[in-house]
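Secondary and tertiary structure notes
If you want the building blocks of each chain, they are given just below.
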Amino acid sequence: VKPPTYSARPKEVLSSQIPKALDARGMPVYGTYSSRHPATESEEDLRAKIAYQRWVLYGTISLLTVSLLIFANMYVDGRVPGMELGSPIPEPNLRAEKDEEHSPTVFHGNPPGAWANTTTRDEPIQNIRWGIAGLGRIAHEFAVALHVYGASIQAVAAGSLPRKKARSVVFADQFGVDQHHAYDSYEKLVQDPDVDIIYIATTNNLHHKVALLAISHGKHVLVEKPTAMNAREVEEMTEAAMKKGVFFASNYWNSAFPAVRFAREAVRQGKIGEIIQVTGDMGFQAVTNYQDRWLSAELGGGSLMDMGCYLLHFLVMMTNEQKGVNASAKISIDNAVGRLDPNTKVDVDTSYTAQYNGVVGRFGTSIIRASPFTVQIMGTQGMITIESPANCPTEASLVAFWDASRTSFMPYPCCVQPLAESRDFSEDLPPYPRQFFPQQYPRGTGFVYIIEAVTECLRAGCKELPDVPQSTALKIQQAVDAIRSKLHTDSNVLVGGNIRAQN
């Protein structure tokens with residue numbers, strides 16, 4: 001081994017390195033010690049003892065640090081007795097059942113949920129043929145998603161605006177539908193023997209009429225949200241479907257997005273503890289056009305009918321994931337504050353508080369202002385955020401903390417919960433086919449997820465969507481009716497200005 005080499009540059013000699021005197025044994029005493037108190041053997045022993053103690057201290061600290069790291073790792077995984085974040089269930093594999101031959105962003109198959117055993121079933125159908133009633137913006141995006149998914153569009157119908165036949169023919173030509181199945185009335189559509197299920201994308205005021213028409217002819221029905229104009233109409237539609245023995249569901253497509261399923265799975269596993277609140281806000285500034293549905297009372301417009309129903313659905317869905325379905329539970333509305341349009345009296349901005357099965361919901365909806373368009377599920381041990389736009393999200397995040405109720409020591413700082421887990425989820429939408437440009441609704445290809453859910457349900461022979469049972473659709477509509485009633489109470493309304501509804 002080569003001896004170390006040193007620089008030829010002379011080093012500076014410290015004064016402490018110069019011998020000051022010699023001790024009793026003739027050894028030099030350096031500046032560290034006083035010449036009046038030369039070093040003795042006992043002092044050398046003391047220095048050795050101090051050095052030993054230092055090594056023991058450093059070793060102990062290192063051992064404790066390693067132990068804490070191991071403990072924290074076990075705690076995050078939920079394996080420490082008495083301090084678990086939840087049951088040690090394996091991580092959800094949301095991609096496990098994807099068909100490799102299809103686009104990797106299309107989800108195939110429904111993971112078991114809170115309502116897995118509540119759906120009635122009948123003989124399944126395999127080759128599902130779709131008909132579309134109402135050929136507006138959302139119908140265009142739904143048809144694009146059917147094309148992306150590879151489903152069969154058998155027939156289409158425009159039945160409420162001028163030039164019905166011409167519009168139906170143009171729509172059919174765009175999506176490869178035979179011209180003989182391009183109808184100018186909903187009556188002709190429901191009589192087509194080659195149609196299994198009808199997607200109703202009309203304005204809200206026609207949902208009830210067209211759904212009952214389709215059901216009476218033995219067609220399965222997927223109706224766009226909100227289900228109808230009021231709870232009475234929803235009850236009539238549900239009862240008719242049950243009597244006829246056909247599938248009937250409301251298109252709350254948010255429930256089927258992988259990002260929402262990630263959140264639901266986390267809630268089901270108890271990752272954030274007990275849910276205390278669900279909060280959210282959805283809004284945008286709509287164009288002032290009284291011929292469009294947003295500002296029209298006759299067409300079922302307003303922020304609550306357009307987006308408020310989504311937020312109420314998140315409240316029910318997440319609560320049911322943790323506590324199970326409670327058939328008798330209702331959504332109670334504590335208060336509502338908002339603003340009405342001065343011309344049509346529809347709600348254009350609303351904030352309201354709701355309660356469902358012990359969980360509080362604090363929500364805001366608007367068609368006159370900007371909004372973060374996010375939803376938060378807040379529990380005792382963490383929070384899940386469904387990113388914007390929360391009604392059709394591609395991203396979600398989870399932050400979980402130590403369960404303070406299961407420990408006796410105070411964290412430092414005192415008001416900060418130690419982090420136990422942090423996860424981000426992201427999944428891109430299927431690409432939008434160029435031949436169908438221009439895109440008419442945000443993230444329209446996301447309809448593939450609800451199309452998949454309906455397809456699997458029909459093939460299994462069930463009569464309602466497990467993720468959006470008919471009872472949930474009715475509860476949501478009842479709550480929307482209650483909020484609108486509060487806002488339209490004469491003693492509480494200042495039309496065109498601020499409104500404050502009584503509790």
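That block above? That's the structure.
This text gives an overview of the structure that appears in the document. (Residues numbered from 1 in each chain as written. Predicted model: local features only at pLDDT ≥ 70, side-chain atom pairs only at ≥ 80, totals over all residues. Heavy atoms only, no water.)

**What to know about the overall build of the protein**
What the protein contains, in helices and strands, is 10 helices and 17 strands. Expressed as a percentage of the 503 residues in the protein, the buried residues total 49%. Put simply, of all contacts in the protein between residues at least 6 apart along the chain, 69% involve residues at least 24 apart. On the protein, roughly 24,900 Å² of surface is accessible, and the fraction owed to carbon and sulfur atoms is 55%. (Helix = DSSP H or I, 4+ residues; strand = E, 2+ residues; numbered from the N terminus. Buried < 20%, exposed > 50% of the residue type's maximum accessible area, 1.4 Å probe, protein only. Contact = heavy atoms within 4.5 Å. Areas by Shrake-Rupley, 256 points an atom, 1.4 Å probe, with all protein chains shown as cover.)

**Section: the pairing of strand β15 (residues 395–401)**
For a regular strand, the rule is simple: side chains alternate between the two faces of the sheet. Examined bridge by bridge, strand β14 (residues 382–386) and β15 share 5 bridges and lie antiparallel to one another. Along β15, the bridge assignment pairs Gly 382 with Ala 400. The sheet contact formed by β15 and strand β16 (residues 419–426) spans 7 bridges and is antiparallel. Bridge pairing in β16 links Ala 400 to Glu 421. (Pairing = 2+ DSSP bridges.)

**Overview of helix α2 (residues 137–149)**
Here α2 is 13 residues long and its end C-alpha atoms lie 19 Å apart, about the 18 Å a rise of 1.5 Å per residue gives. The set of residues buried in α2 consists of Ile 138, Ala 139, His 140, Glu 141, Phe 142, Ala 143, Val 144, Ala 145, Leu 146 and Tyr 149. (Expected span 1.5 Å × (residues − 1).)

**Things to note about helix α8 (residues 303–323)**
Spanning 21 residues, α8 covers 29 Å between terminal C-alpha atoms, matching the ideal 30 Å at 1.5 Å per step. Of all the bends in α8, the largest measures some 30° and sits at Cys 309. Within α8, 19 of the 21 residues are buried, which leaves the element mostly enclosed by the surrounding structure. Within two residues after α8, Gly 324 carries a phi angle of roughly 85°, on the positive side. (Bend = angle between axes of the 7 residues up to and from the residue.)

**Re the sheet that holds strand β6 (residues 197–200)**
Pairing in this open sheet of 6 strands is parallel, and the strands run β5-β4-β3-β6-β7-β8 from one edge to the other. The open sheet terminates on both sides in strands that have one partner only, identified here as β5 (182–183) and β8 (248–251). Each of β3 (129–133), β4 (152–157), β6 and β7 (220–224) touches α2; the most contacted strand, β3, lies at about 170° to it. (Axes fitted to C-alpha atoms, helices over the stretch in contact; angles between N-to-C directions.)

**Some points on the nonpolar core**
Ranked by size, the top nonpolar core spans 100 residues in total, and within it Trp 130, Ile 132, Leu 312, Met 318 and Ile 377 carry the most contacts. The element best represented in this core is α8, accounting for 12 residues. Beyond its immediate stretch of four places on either side in the chain, Ile 132 contacts Ala 139, Ala 143, Leu 146, Ile 153, Ala 155, Val 156, Ala 157, Phe 171, Leu 189 and Tyr 199. Counting 26 residues, the second-largest nonpolar core is a separate cluster that includes Ala 133, Val 190, Leu 213 and Val 221. (Core = buried A, V, L, I, M, F, W, Y, C linked by side-chain atoms within 4.5 Å.)

**Quick look at the layout of surface pockets**
Of the pockets and cavities examined, the largest pocket occupies roughly 820 Å³. Residue lining of the largest pocket: 37 residues in total, with Gly 136, Arg 137, Leu 161, Ala 201 and Thr 203 positioned closest to the centre. Breaking the lining of the largest pocket down by element, the ones donating at least two residues are α2, α3 (164–174) and α8. In the lining of the largest pocket, the residues fall into 16 nonpolar, 14 polar and 7 charged. (1 Å grid on protein atoms, 1.4 Å probe; cavity = no way out; pocket = protein on both sides within 12 Å on 5 of 7 lines; lining within 4 Å. Points joined across faces, edges and corners; volume = space filled by probe spheres on them. Nonpolar A, V, L, I, M, F, W, Y, C, P; charged D, E, K, R; others polar.)

**Considering the pattern of salt bridges**
Scanning the model with the defined rule gives 16 salt bridges in all. The residue Arg 137 makes a salt bridge to Asp 292 at a minimum N-O spacing of 3.4 Å. Of the two residues, Arg 137 sits in helix α2 while Asp 292 sits in the loop between β9 (275–283) and α8, which places them 155 residues apart along the sequence. Overall, the relative accessible area of 35% leaves Arg 137 in the partly exposed class. Between Glu 236 and Arg 232 there is a salt bridge whose closest N-O contact spans 3.0 Å. Highlighted residues: Glu 236 and Arg 232, both in helix α6 (residues 231–244), separated by 4 residues, approximately one helical turn. Put simply, Arg 261, Arg 264, Glu 265, Arg 268, Glu 321 and Asp 467 are held in one network by salt bridges that share partners. (Salt bridge = Lys/Arg side-chain N within 4 Å of Asp/Glu carboxyl O.)

**A word on the environment of Arg 406**
Its location among the elements puts Arg 406 in the loop between β15 and β16. A distance of 3.1 Å separates the side chain of Arg 406 from the side chain of Asp 403, its partner in a polar contact. (Polar contact = N/O pair within 3.5 Å; in protein donor to acceptor, adjacent residues only side chain to side chain.)

**Some words on the packing of aromatic side chains**
Considering all chains together, one arrives at 14 aromatic pairs under this definition. Aromatic side chains Trp 253 and Phe 447 sit 4.1 Å apart centroid to centroid with 25° between the ring planes, which places their arrangement in the stacked category. Remark: Phe 447 occurs in helix α9 (residues 447–460) and Trp 253 occurs in the loop between β8 and α7 (258–268); sequence separation between them is 194 residues. The two residues Trp 253 and Phe 447 agree in class, both being buried. Every member of this aromatic cluster is reached through a ring pair, and the members are Trp 130, Phe 142, Tyr 199, Trp 253, Phe 257, Tyr 441, Phe 447 and Tyr 449. (Phe/Tyr/Trp six-rings, centres within 6.5 Å; stacked < 30°, edge-to-face > 60°.)

**Some remarks on the state of the cysteines**
Using the criterion set out here, one finds 1 disulfide in the structure. Here Cys 457 engages in a disulfide with Cys 462; their sulfurs sit 1.7 Å apart. You can call Cys 462 buried: its relative accessible area is 2%. (Disulfide = S-S within 2.5 Å.)

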